[in-house]
Each structure stands twice: as C-alpha cells, then as structure tokens.
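Letter by letter, the chains look like this.
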Amino acid sequence: MLEIMREATVPLEHVYADMKTKRLVTEENAQYLSDEELEEWNLAVEDYLANPDPSRIPKPGDPSPCDMPDPPADARPGRLRRKRRR
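Quick caveat: nothing in here was measured; it's all calculated off a predicted structure. (Residues numbered from 1 in each chain as written. Predicted model: local features only at pLDDT ≥ 70, side-chain atom pairs only at ≥ 80, totals over all residues. Heavy atoms only, no water.)

## Focus on a negative patch on the surface
On the surface, a cluster of negative charge is contributed by Asp 35, Glu 36, Glu 39 and Glu 46. Here Glu 36 is to be found in helix H3 (residues 35-50). The exposed category is assigned to Glu 36, whose relative accessible area is 60%. (Patch = residues over 30% accessible without salt bridge, like charges linked within 9 Å, V, L, I, M, F, W, Y side chains within 5 Å. Areas by Shrake-Rupley, 256 points an atom, 1.4 Å probe, with all protein chains shown as cover. Salt bridge = Lys/Arg side-chain N within 4 Å of Asp/Glu carboxyl O. Lys, Arg positive; Asp, Glu negative; His and termini not counted. Charge placed at Lys NZ, Arg CZ, Asp CG, Glu CD. Helix = DSSP H or I, 4+ residues; strand = E, 2+ residues; numbered from the N terminus. Buried < 20%, exposed > 50% of the residue type's maximum accessible area, 1.4 Å probe, protein only.)

This is the structure in structure tokens:
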C-alpha cells in the first residue's frame, strides 16, 4: 500500500495519517466518518506537519507499523498487571 501511495503522489502527511489511524480518508468517504474518527485523522496530519520528516514513513518493503503485532497487554506502558497470589 505504501508503494502505491507513493506512486500516486499522495501527500506524505496523508500517508502518515493512514499509517497512524489505519484509515485512509478521502473527500468521498469523509462524510461517513464519525467526528471522532475525522478528528483522529486531522490530528495525525497535524502531527506529521509539525515535524515533516520523511524518515517517519517506512519505505516500500519495510514493515508498516500497522503490520506489526501489538505488544502483549502487560508489556504496554501504563498497563498494570495483577500479581498472582501464592
């Protein structure tokens, strides 16, 4: 998908927002998104534009952040694990 987006000259901030939100927003489909989904997309675009570094976007062939498995719940920052009683 990244390669296709690059060939189609999709703006990098949109490529980044697609990767970050796992959603590709277009003029045609924006009307079907909730306000929260559209806000999430807009914040991702703004995030990229605040630091427009192309190295933040994987190159074709690199694993996409979306393709990588989520870490186990107990390994995520801010998650608490219940201790087992002995």
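Back to the write-up after that little detour.
## Thoughts on the packing of helix H2 (residues 12-21) against H3
Taken N-terminus to C-terminus, the directions of H2 and H3 make an angle of 130 degrees; their axes are 8 Å apart at the nearest point. With respect to H3, the axis of H2 lies oblique. The interaxial crossing formed by H2 with H3 has right-handed handedness. Residues Leu 12, Glu 13, His 14, Tyr 16, Ala 17, Asp 18, Lys 20 and Thr 21 of H2 form the contact with H3, whose own contacting residues are Glu 40, Trp 41, Ala 44, Val 45, Asp 47, Tyr 48 and Leu 49. In terms of residue class, the contact of H2 with H3 is built from 8 nonpolar, 2 polar and 5 charged. (Axes fitted to C-alpha atoms, helices over the stretch in contact; angles between N-to-C directions. Parallel < 35°, antiparallel > 145°, perpendicular 65-115°, else oblique. Left-handed = near helix turned anticlockwise from the far one by under 90°. Contact = heavy atoms within 4.5 Å. Nonpolar A, V, L, I, M, F, W, Y, C, P; charged D, E, K, R; others polar.)

## Some words on the pattern of salt bridges
Evaluated as defined, the whole model comprises 4 salt bridges. With a shortest N-O distance of 3.8 Å, Glu 37 and Arg 23 are connected by a salt bridge. Taken together, the residues Glu 37 in helix H3 and Arg 23 in the loop between H2 and H3 connect sequence positions 14 residues apart. For Glu 37, a relative accessible area of 28% puts it in the partly exposed group. For Arg 56, the salt bridge goes to Asp 47, with nearest N and O atoms at 3.2 Å. With relative accessibility at 26%, the residue Asp 47 sits in the partly exposed group. Here the residues in one salt-bridge network are Lys 20, Asp 47 and Arg 56, joined through shared partners.

## Description of the nonpolar core
Within the largest apolar cluster, 7 residues are counted, these being Leu 2, Met 5, Val 15, Tyr 16, Met 19, Tyr 48 and Ile 57. Those elements that provide at least two residues to this core are helix H1 (2-7) and H2. When residues of this core are assigned to their parent elements, the largest contribution, 3 residues, is made by H2. Look past the residues within four positions of Leu 2 in its chain and what remains in contact with it is Val 15, Met 19, Ile 57 and Pro 58. In terms of nonpolar packing, the next biggest core, distinct from the first, is built from 6 residues, Ala 17, Val 25, Ala 44 and Val 45 among them. (Core = buried A, V, L, I, M, F, W, Y, C linked by side-chain atoms within 4.5 Å.)

## Re H2
Of the residues making up H2, those classed as buried are Val 15, Tyr 16, Ala 17, Asp 18, Met 19 and Thr 21. Along its buried surface, H2 packs onto H1 and H3. Positive backbone phi, at 60 degrees, marks Lys 22, one or two positions downstream of H2.

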